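Chains, contacts and geometry: an overview
Below are the chains, spelled out letter by letter.
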Amino acid sequence: MKKKLVSILLCVALMASGCGGDNSGSAEEPAAAPETEESAEPETEAPDASEQAEENTAPAQSTEADGESETAKVNPEGEKYRIALSNSYMGNDWRQQMERIVEYVAKQEPYASRCELTIVNCDNTPEAQAASIDALVQEGYDAILVDPSSETALNQAMKRATDAGILVVIFDQPASEESAYEITIDAVKAYRVMAKWLAEAVGGTGNAVVDQGLPGAAVSEQEYNAAVEIFDQYEGINVVSDFISNYAEADGEASLASVIAANSDIDIVVTQGFMTSVTNAFNKAGIEKIPASCGGGYNGNLLTCLENDCDGIIHVYIPGISAIALNYAIRILDGETMDKDIVIDPAYVATRNDLDMGEFSDVVIDVAEDGVNCFSDQPSSLQWPCISSNFGLDIPMSVVLGE
């Protein structure tokens, strides 16, 4: 199934771009019982519009061709649904941002009038999460959003939920239960989009060097192939070399430096890691022209492009996918027809968006601007934007940072 293919990508792809998976090597210590948070009882009041205007927020919201954002598709009137979010891991920043964002969104209109959100955190084991889902079924929730700890081991628990008439929406990590809806981000398409942008940024002519990522990682090979396939469509673009970043800044720089030493006439660099690896390698080689580059969704990657006056594009595996899952759950409960397998784009930010993107002309690409979608006063590891441009609700930076 399509969702299985995409699912394979997500667990590994975001070793470089901050996925919600366990890439820190350890999970939080399990609590004696699942922790819950009720959105109906916020610790602080949500800021009003005037307060929000003073905060750093998500990029100016672009909308789809029909002019209607995802939030605008939520009927502000109707039944107030009880929705739970089942999360199995809190051991990295991405998961914490994911929860803060959906909790914030649930307190804003029209969501506040349409749902009561409960977040349930459990130990990062399939057994603990299955038990947690079973408990939520017994409590009679209308929908359960699941960031699963296993692709297969939760299937029976989720099937028990759907058999009980409860909507299950899987997001972030993969799972294969066919009675549930699943929202995935197409990581391979991301490298096709970025390669197209890079090719157009150099006028369809030039020499390209492509990162193989982490040898042995299936997604690295798939992303490499996706970029090369796009470059092969251009007669004027030649892939002259590969390099291996291992998703590490120092490794990427050293590997690329070896390529530059053999062939300094390079116009495009595709990296699955860090833009600083690219700029450092060229700067240390005494080459002033930094080629068009791409990489994962780090704040530092965009800043590096701006600081070095070079073209670049990133894709962001948005932690706000949790809010998209909430949005879709309400609409499905309201009777809207949706595919069971929902594939969405990551967020894209680039130094320009005036290029001919051909088959990807409908992809929203925001223009990098310090203080808007990249931040020189924030950590380079920050992932921003945190939600798709067409979601229709700005997320304050303070929410993402947990301030």
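Notes on the structure follow. Residue positions are counted from 1 within each chain, in the order its sequence is given. Whole-chain, interface and lining totals are the exception, using all residues; otherwise, since this is a predicted model, local features are given only for residues with pLDDT of at least 70 and side-chain atom pairs are given and counted only at 80 or more. Computation of side-chain values covers all heavy atoms of the structure but excludes hydrogens and water.

Brief notes about the sheet that holds strand β10 (residues 292–295)
Paired strands, as defined in this entry, are two strands with at least two bridges between them according to DSSP. Each helix is a run of H or I in the DSSP string that is no shorter than four residues. Each strand is a run of E no shorter than two, and both are numbered from the N terminus. Reading across from one edge, β8-β7-β9-β10-β11-β13-β14 is the order of the seven strands in this open sheet, with mixed pairing throughout. Among the strands making up the open sheet, the edge pair consists of β8 (236–243) and β14 (365–367). Within this sheet the neighbouring strands show an average axis-to-axis angle of 20 degrees, counted without direction. The pairing of strand β11 (residues 312–316) with strand β13 (residues 347–350) spans four bridges and is antiparallel. Across the sheet, the residue bridging to Ile-314 is Val-349, located in β13. Working convention: axes come from line fits to C-alpha atoms, limited for helices to the stretch in contact. Angles between N-to-C directions cover 0 to 180 degrees.

Focus: the side chain of Ser-220
Structurally, the position occupied by Ser-220 is in helix α8 (residues 218–231). Polar contacts here mean pairs of N or O atoms no more than 3.5 Å apart (in protein, one a potential hydrogen donor and the other a potential acceptor; neighbouring residues in sequence count only if both atoms are side-chain atoms). Reaching out from Ser-220, the side chain makes a polar contact with the backbone nitrogen of Leu-214 at a distance of 3.0 Å. The contact rule is simple, with two residues in contact once any of their heavy atoms fall within 4.5 Å. The contacts of Ser-220, once residues within four sequence positions are left out, are Gln-212, Gly-213, Leu-214, Tyr-247 and Gln-272.

So, the nonpolar core
Note on terminology: a nonpolar core comprises buried Ala, Val, Leu, Ile, Met, Phe, Trp, Tyr and Cys residues joined through side-chain atoms within 4.5 Å. Think of it in three bands: with a 1.4 Å probe and only protein chains considered, a residue is buried below 20% of the maximum accessible area for its type, exposed above 50%, and partly exposed in between. Ile-83, Val-105, Ile-183, Leu-256 and Leu-326 are the most contacted members of the largest nonpolar core, which totals 70 residues. Ranked by residue count, the leading element in this core is helix α12 (residues 321–333), at nine residues. For Ile-183, the contacting residues outside a window of four places in its chain are Val-169, Ile-170, Phe-171, Asp-172, Ile-321, Ile-324, Ala-325, Tyr-328, Ile-342 and Ile-344. Of all hydrophobic cores here, the second largest spans 31 residues; its members include Ala-190, Tyr-191, Ala-201 and Val-210.

Let's talk about the packing of helix α5 (residues 126–138) against helix α6 (residues 155–163)
Axes are the key here: two packed helices are described by the angle between their axes and the distance separating the axes. With their axes 9 Å apart at the nearest point, α5 and α6 run at an angle of 10 degrees to one another. By the angle between their directions, the pair α5 and α6 is classed as roughly parallel. On α6, the residues that touch Ala-130, Ile-133, Asp-134 and Val-137 of α5 are Ala-157, Met-158, Arg-160 and Ala-161. Angle categories are assigned with fixed cut-offs, so that under 35 degrees is roughly parallel, over 145 is roughly antiparallel, 65 to 115 is roughly perpendicular, and the rest are oblique.

Topic: the side chain of Ser-88
Within the fold, Ser-88 resides in the loop between β2 (81–87) and α3 (93–106). Ignoring any residue separated from it by four or fewer positions in sequence, one finds Ser-88 in contact with Arg-95, Cys-122, Asp-123, Asn-124, Gln-129, Asp-147, Pro-148 and Ser-149.

Brief notes about the packing of aromatic side chains
Aromatic rings from Phe, Tyr and Trp, with only the six-membered ring used for Trp, were paired whenever their centres fell within 6.5 Å, and each pair was classed as stacked if the ring planes differed by under 30 degrees, edge-to-face if by over 60, and tilted otherwise. The full count for this structure, using the stated rule, is four aromatic pairs. Where Trp-94 meets Tyr-317, the ring centres are 5.5 Å apart and the plane angle is 40 degrees; that geometry is what we call tilted. Highlighted residues: Trp-94 in helix α3 and Tyr-317 in the loop between β11 and α12, separated in sequence by 223 residues. Comparing Trp-94 with Tyr-317 shows no difference in burial state: the two are buried. Here Phe-274 and Tyr-298 contribute two aromatic rings whose centre-to-centre distance is 5.2 Å and whose plane-to-plane angle is 10 degrees, an arrangement assigned as stacked. Of the two residues, Phe-274 is situated in the loop between β9 (268–270) and α10 (275–284) and Tyr-298 in the loop between β10 and α11 (299–307); the sequence distance between them amounts to 24 residues. On the basis of relative accessible area, Phe-274 is assigned to the partly exposed category, the value being 21%.

A word on the pairing of β13
Every second residue of β13 is oriented toward a common face, with Ala-347 and Val-349 on one face and Tyr-348 and Ala-350 on the other, all of them buried. The pairing of β13 with β14 spans three bridges and is classified as parallel. Across the sheet, Val-349 pairs through a bridge with Asp-366, a residue of β14.

So, α6
Listed as buried for α6 are Asn-155, Ala-157, Met-158, Ala-161 and Thr-162. The buried residues of α6 occupy an angular sector of 165 degrees when the element is viewed end-on, so they sit on one face. In this structure, α6 carries Gln-156 and Asp-163 as exposed residues pointing more than 90 degrees from its buried face. Those residues of α6 that are buried are in contact with α5, β4 (143–147) and β5 (167–171). Directly after α6, the chain includes Gly-165, whose backbone phi takes a positive value near 85 degrees. As used here, the arc belongs to the directions running from the helix axis to the C-beta atoms.

With respect to the packing of α3 against α12
α12 packs onto α3 with a crossing angle of 40 degrees between their chain directions and a minimal axis gap of 7 Å. What the angle tells us is that α3 and α12 run oblique. Handedness of the α3/α12 crossing: right-handed. Here Trp-94, Met-98, Ile-101, Val-102, Val-105 and Ala-106 of α3 come into contact with α12, specifically with Ile-321, Ser-322, Ala-323 and Leu-326. Classes in brief: Ala, Val, Leu, Ile, Met, Phe, Trp, Tyr, Cys and Pro nonpolar; Asp, Glu, Lys and Arg charged; the others, Gly included, polar. Counted by class, the contact of α3 with α12 contains nine nonpolar, one polar and no charged residues. Here is the rule for handedness: rotate from the far helix to the near one, and if that takes an anticlockwise turn smaller than a right angle the crossing is left-handed, while a clockwise turn gives right-handed.

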